[in-house]
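Chain by chain, the residues:
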Amino acid sequence: MKLHEYQSKDLLAAHGVPVPGGKVTANAEEATEIAKEFGGKVVVKAQVLMGGRGKAGGVKLFSDAAEAGAFTKELIGKKLVSIQNPQGMIVEKVLVAEQIDIAEEYYLSVLMDRATSQLVVMISKEGGMEIEEVAEKNPDAIVKLQVDPAFGLSDFEIRAAVNQAKIPAVAAGQMVQMIKKLVAAYKQSDADLIEINPCALTPEGKLIAADAKVSIDENALFRHKDYAATADDSAEDPIEAEAARRGIAYVRLGGDIGIIGNGAGLVMCSMDEVKAAGGSPADFLDVGGGAQAERVKSCVELILMDDNVKGILINIFGGITRCDEVAKGILAAFESMEINVPVVARIEGTAAEEGRKLLEGTKLITAASMQEAAQKIVAAAYGK
Ligand code: GDP
Ligand code: MN
């Protein structure tokens, strides 16, 4: 889950990384007031989850607070289009930040190197522009530093890498400290990417993160409820965003048979069975272990937010999950909302007998096996 620049900077500042002062707003008058607090010398930056905002006209420097306000007014509601994001994104908020004087622009990032299964720190003297461009034109200008998973990084290793990247002496010591903080922030916040571009050196010789991009590993969002709550609908599928807010593992797949299961393996298996039966899965949804009635209901709601859904397959193998709890959830869903599509349930395992009893005599179609359930839902949904 990508965080906005202002959120990324707050996160990094909390780990001791120097960032320019600034405040986020969706209002032009407020932008003027914030700009005044910084003496009018500010940079106004569109808070959209895409790269290349500068080139797209979403970042502008000012020396007058009223002008910063006027630009904010112009920017809010506007669609920004960049090379990385050709379909564009609507600006809802801007960051009004203290404008720093920049003598040099460097690049820093921390990410997972899938080839070595280790964290890697990337350092370059060629900041400011897109790193892909640097990688293409001048690959030697990017220094990669592997982070040993057991021992982490030692100061001398970081210093050697910073020197290899030809970062001038005035900035080198500060950069070593910044890299240590970025790696700590990465681990502690369960990030999957931290990128500082530009990492700016001021004429006075101070190193500061002028831009920041942090992305949090979505599988760790349960540990970061505050971020989960701010999941940005504009960046992703709205149903997936809602699922993230509810703490439900849901991936939209574009088909028309809604699938709920417990455990990722069983859900994937159900998807395969639906395909084998001639259907097209609308989603991957793992209700999780120990699913309570309320949660099952919430999952059914989520699936029905997708207008394409023609039928729902519920496949539960009760271990920790009690099938009677699941059955109660299904019944609660039926009672509290209008479900106009067929629902097939296959429930097996702990308290399955009690669960099935609860479902008897309802609109629900039951099935004894996964294969049978898949065939039944495909037949019912497509009217075959
Ligand atoms: P991006 O284009 O989305 O990556 O947005 P950035 O935050 O990186 O801003 C783009 C460019 O604007 C940077 O590379 C800088 O050159 C410039 N910029 C951003 N903030 C400041 C600032 O505070 N002072 C100065 N002088 N330039 C800035
Ligand atoms: Mn940038």
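Note: the structure precedes this text.
A. Structural view of the overall build of the chain. A tally of helices and strands in the chain yields 13 helices and 18 strands. Looking at the chain as a whole, 50% of its 384 residues are labelled buried. In the chain, the proportion of contacts linking residues at least 24 apart, taken out of those at least 6 apart, comes to 67%. Of the roughly 17,600 Å² of accessible surface on the chain, 52% is carried by carbon and sulfur atoms. Across the chain, 41 positive and 56 negative side-chain charges occur, with their mean positions spaced 1 Å apart.

B. Just the sheet that holds strand β1 (residues 22-25), in detail. With respect to topology, four strands assemble into an open sheet ordered β1-β6-β2-β3, the strand pairing being antiparallel. Where the open sheet ends on each side, the last strands, each with one partner, are β1 and β3 (59-62). Shown here is a sheet whose adjacent strand axes are inclined to one another by a mean of 20 degrees, direction ignored. For strand β2 (residues 42-46) and β3, the ladder comprises four bridges, and the chain directions are antiparallel. Looking across to β3, one finds that Val43 is bridged to Leu61. Sheet strands in contact with helix α1 (residues 5-14) are β1, β2 and β6 (94-98), and its direction is about 45 degrees off that of β6.

C. Just the coordination of the manganese ion (ligand 2), in detail. Within the first shell, the manganese ion (ligand 2) binds the protein through Asn197 (O) and Asp211 (OD), at distances of 2.2 Å. Note that Asn197 is positioned in strand β10 (residues 191-201) and Asp211 in the loop between β11 (207-209) and β12 (213-216), a separation of 14 residues in sequence. Its relative accessible area of 11% is what places Asn197 among the buried residues.

D. Representation of the layout of surface pockets in the model. A volume near 1,200 Å³ is recorded for the largest pocket. Going through the elements one at a time, α1, β2, β3, β4 (79-82), β7 (104-113), α4 (131-137) and β10 are the ones with two or more residues in the lining of the largest pocket. Sort the elements by how many residues they give to the lining of the largest pocket and β10 lands first, with five residues. Residue classes in the lining of the largest pocket are distributed as 23 nonpolar, twelve polar and 14 charged.

E. Representation of helix α9 (residues 264-276) within the structure. In this model, α9 (13 residues) spans 18 Å end to end at C-alpha, consistent with the 18 Å of a helix rising 1.5 Å per residue. Buried within α9 are the following residues: Leu266, Val267, Ser270, Met271, Glu273 and Val274. For α9, the angular spread of buried residues about the axis comes to 165 degrees, placing them on one side. Structural note: α9 exposes Asp272, Lys275 and Ala276 on the side pointing more than 90 degrees away from its buried face. Looking at the buried positions of α9, the neighbouring elements they touch are β14 (257-261), β15 (283-286), β16 (311-318), β17 (343-349) and α13 (370-382). One or two positions beyond α9, positive phi appears at Gly278, with a value near 95 degrees.

F. Quick peek at the site of ligand 1. Around ligand 1, 15 residues are found, and the nearest of them are Lys45, Arg53, Gly54, Ile100 and Glu105. Here an oxygen atom of ligand 1 sits 2.6 Å away from a polar atom, N or O, in the side chain of Glu105. Asp211 is positioned with one of its side-chain polar atoms (N or O) 3.1 Å from an oxygen atom of ligand 1. Counting atoms within 2 Å of the grid points, the majority share of ligand 1 lands in the largest pocket. Its residues placed into classes, the shell around ligand 1 shows six nonpolar, four polar and five charged.

G. Representation of the packing of helix α2 (residues 28-37) against helix α3 (residues 65-75). The N-to-C vectors of α2 and α3 enclose an angle of 150 degrees; their axes lie 8 Å apart at closest approach. Overall, the two elements α2 and α3 adopt an arrangement that is roughly antiparallel. Of the two elements, α2 crosses α3, and the hand of that crossing is right-handed. Along the contact surface, α2 presents Ala28, Ala31, Thr32, Ala35 and Lys36, while α3 presents Ala65, Ala66, Ala68, Gly69, Thr72 and Lys73. The residue makeup of the contact of α2 with α3, split by class, is six nonpolar, three polar and two charged.

Here is what the cut-offs are and how they apply
- Residues numbered from 1 in each chain as written.
- Chains lettered and ligands numbered in written order.
- Predicted model: local features only at pLDDT ≥ 70, side-chain atom pairs only at ≥ 80, totals over all residues.
- Heavy atoms only, no water.
- Helix = DSSP H or I, 4+ residues; strand = E, 2+ residues; numbered from the N terminus.
- Buried < 20%, exposed > 50% of the residue type's maximum accessible area, 1.4 Å probe, protein only.
- Contact = heavy atoms within 4.5 Å.
- Areas by Shrake-Rupley, 256 points an atom, 1.4 Å probe, with all protein chains shown as cover.
- Lys, Arg positive; Asp, Glu negative; His and termini not counted.
- Charge placed at Lys NZ, Arg CZ, Asp CG, Glu CD.
- Pairing = 2+ DSSP bridges.
- Axes fitted to C-alpha atoms, helices over the stretch in contact; angles between N-to-C directions.
- Donors = N, O, S within 2.8 Å, 3.2 Å for Na, K, Ca; no water.
- 1 Å grid on protein atoms, 1.4 Å probe; cavity = no way out; pocket = protein on both sides within 12 Å on 5 of 7 lines; lining within 4 Å.
- Points joined across faces, edges and corners; volume = space filled by probe spheres on them.
- Nonpolar A, V, L, I, M, F, W, Y, C, P; charged D, E, K, R; others polar.
- Expected span 1.5 Å × (residues − 1).
- Arc of directions from axis to C-beta.
- Near = heavy atom within 4 Å.
- Polar contact = N/O pair within 3.5 Å; in protein donor to acceptor, adjacent residues only side chain to side chain.
- Sits in = over half its atoms within 2 Å of the grid points.
- Parallel < 35°, antiparallel > 145°, perpendicular 65-115°, else oblique.
- Left-handed = near helix turned anticlockwise from the far one by under 90°.

Just geometry here; none of it tells us what the structure is for.
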